[in-house]
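# Chains, contacts and geometry: an overview
Listed here are the chains, written in short residue letters.
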Amino acid sequence: MTKVSVYIPCCNHSRYINQSIKSVLKQTFKNWELIIIDDNTKDKSLKKKKSFKKKNKIKIFKTTGIGLPKVCNLAIKKSTGDLIIRLDGDDIFNENILEIMVNYFKKEKNLTMIYPDYIKIDQWGNTLSYETRNSPYIIDKINDIPPNGACMMIRKKILLESGGYREDLGAQDGLDIWSRLKDKHKIKNVSLPLFYYRQHQHNLTSNKKLIETARKRIKKDAAKKKLKKLTPIICILPCRRHFYFKENLWN
């Protein structure tokens, strides 16, 4: 029987961590394990997680501030499931997410990764928007709509074969994994909102400089691999100094 390893990286998520854990406990699909990795939390997150420790399907580990990519790789090593999925310590699963996505893996033996749409919420749980993604191998011909880094379900064997998570980026792990797998493996999007992505002032996504730097490195590395097989070209992009959606776009 297929087993799913869910892992929650947690660093100072005391306000939200109980909701994240309970959303795993409420899953309609029952063959899962939960790995919680506390990466040097300074608030009361660890105290709250200890209340769940008696449940035999939950394992808790503590690290010393090693950062998200290393936490993800540690979770892979500690996991025992065939499929693996990350839930951030401030986000929430829909109760059907595991069952729906596992069924796709059962039907499609060559499927490597699947990711759902999601609902964006604020720090109080109010709905902000519904974020949808087009299926990258049917509708989106450019393959330029990566998934959210969390809540991607992946075959662990292939994730390991691809080298796991890059530990030199610090952000954009979803874009990195997706860009390495999409040309060689089958990836699918479920057009259903199956998790709640919480936005607040301490989100990693609020660090625009870190995200921009990580994206540049991922794209540059991908381009290097492709340019080895292609004739180099020069592209000239005429750009106005003032443009309506981005200040100083030319720069």
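Preceding this section is the structure that the text describes.
Here's a quick rundown of the structure. The model shown is predicted, which means the values in this text are computed figures rather than measured ones. (Residues numbered from 1 in each chain as written. Predicted model: local features only at pLDDT ≥ 70, side-chain atom pairs only at ≥ 80, totals over all residues. Heavy atoms only, no water.)

## What about the overall build of the chain?
Within the chain, the regular secondary structure consists of seven helices and nine strands. Within the chain, the fraction of its 251 residues that count as buried is 45%. Contacts in the chain between residues far apart in sequence, at least 24 positions, make up 77% of those at least 6 positions apart. With an accessible surface of roughly 14,600 Å², the chain has 53% of that area assigned to carbon and sulfur atoms. (Helix = DSSP H or I, 4+ residues; strand = E, 2+ residues; numbered from the N terminus. Buried < 20%, exposed > 50% of the residue type's maximum accessible area, 1.4 Å probe, protein only. Contact = heavy atoms within 4.5 Å. Areas by Shrake-Rupley, 256 points an atom, 1.4 Å probe, with all protein chains shown as cover.)

## A word on the environment of Lys-188
Inspection of the secondary structure assignment puts Lys-188 in strand β9 (residues 186-198). Relative accessible area serves as the criterion here: at 16%, Lys-188 is assigned to the buried category. Separated by 74 residues in the primary sequence, Lys-188 and Ile-114 place their C-alpha atoms 4.7 Å from one another.

## Concerning unusual backbone geometry
Positive phi outside glycine occurs at Cys-151, with the angle close to 65°. Locating Cys-151 in the fold gives a position in the loop between β7 (127-131) and β8 (153-155). Relative accessible area serves as the criterion here: at 1%, Cys-151 is assigned to the buried category.

## Quick notes on the nonpolar core
The biggest cluster of nonpolar side chains holds 32 residues, and the ones touching the most others in it are Ile-85, Phe-93, Leu-98 and Met-153. Listed by contribution, the elements that provide at least two residues to this core are β1 (4-10), α1 (17-25), β2 (32-39), β3 (58-63), β4 (83-86), α4 (97-107), β6 (111-121) and β9. What Ile-85 contacts, discounting residues up to four positions off in sequence, is Val-4, Ser-5, Val-6, Tyr-7, Phe-93, Ile-97, Leu-98, Met-101, Cys-151, Met-152 and Met-153. Formed by 25 residues, the second largest nonpolar core is a distinct cluster that contains Cys-72, Ile-177, Trp-178 and Ile-218. (Core = buried A, V, L, I, M, F, W, Y, C linked by side-chain atoms within 4.5 Å.)

## Some thoughts on the packing of aromatic side chains
Overall, the coordinates contain two aromatic pairs when judged by the stated rule. Consider the rings of Tyr-118 and Tyr-197, whose centres lie 5.7 Å apart with planes at 75°: the pair is edge-to-face. With a gap of 79 residues between them, Tyr-118 in strand β6 and Tyr-197 in strand β9 connect regions that are remote in the sequence. Accessibility assignment for this pair places Tyr-118 and Tyr-197 in one class, buried. In textbook terms, an aromatic cluster arises when at least three aromatic residues are bridged by ring pairs, as seen for Tyr-118, Phe-195 and Tyr-197. The lysine or arginine in question, Lys-57, covers the ring of Trp-32, its NZ or CZ lying 3.9 Å from the ring centre. (Phe/Tyr/Trp six-rings, centres within 6.5 Å; stacked < 30°, edge-to-face > 60°. Lys NZ or Arg CZ within 6 Å of the ring centre and 35° of its normal.)

## Here we look at the state of the cysteines
Using the criterion set out here, one finds zero disulfides in the structure. With no disulfide partner, Cys-11 has as its closest neighbouring cysteine sulfur the one in Cys-10, 7.1 Å distant. (Disulfide = S-S within 2.5 Å.)

## Some remarks on helix α3 (residues 68-78)
Inspection of α3 places Pro-69, Val-71, Cys-72, Asn-73, Ala-75 and Ile-76 among the buried residues, and these make up the whole buried set. Contact partners of the buried residues in α3: β1, β2, β3, β4 and α5 (156-161).

## Some words on helix α7 (residues 208-227)
Since the α-helix packs 3.6 residues into each turn, any two residues three or four apart lie on the same face. If you check α7, its first and last C-alpha atoms are 28 Å apart, about what 20 residues at 1.5 Å a residue would give, namely 28 Å. Restricting attention to buried positions, one finds in α7 the residues Ile-211, Ala-214 and Ile-218. Down the axis of α7, the buried set is contained in an arc of 70°. They therefore lie on one face. Of the residues in α7, the exposed ones pointing more than 90 degrees away from the buried face are Lys-208, Lys-209, Lys-216, Lys-219 and Lys-220. Contact partners of the buried residues in α7: α6 (173-181). (Expected span 1.5 Å × (residues − 1). Arc of directions from axis to C-beta.)

## With respect to the pattern of salt bridges
Using the criterion set out here, one finds 14 salt bridges in the structure. The salt bridge partner of Lys-62 is Asp-38, with a shortest N-O separation of 3.6 Å. A residue pair is termed long-range when its members are at least 10 positions apart, and Lys-62 in strand β3 and Asp-38 in strand β2 qualify at 24 residues. In this structure Asp-38 comes out as buried when scored by relative accessible area, which is 0%. Measuring nitrogen to oxygen at the nearest pair gives 2.7 Å for the salt bridge that ties Asp-221 to Arg-166. (Salt bridge = Lys/Arg side-chain N within 4 Å of Asp/Glu carboxyl O.)

## Concerning the pairing of β9
In summary, the side chains of a regular strand alternate between the two faces of the sheet. When strand β5 (residues 92-93) meets β9, the two strands line up antiparallel, connected through two bridges. Considered in β9, the bridge of Ile-92 is made with Tyr-196. Summarising the sheet, β6 and β9 pair through nine bridges and their orientation is parallel. Within β9, the position partnered with Lys-120 by the bridge is Tyr-197. (Pairing = 2+ DSSP bridges.)

Purely geometric numbers; function is a separate question.
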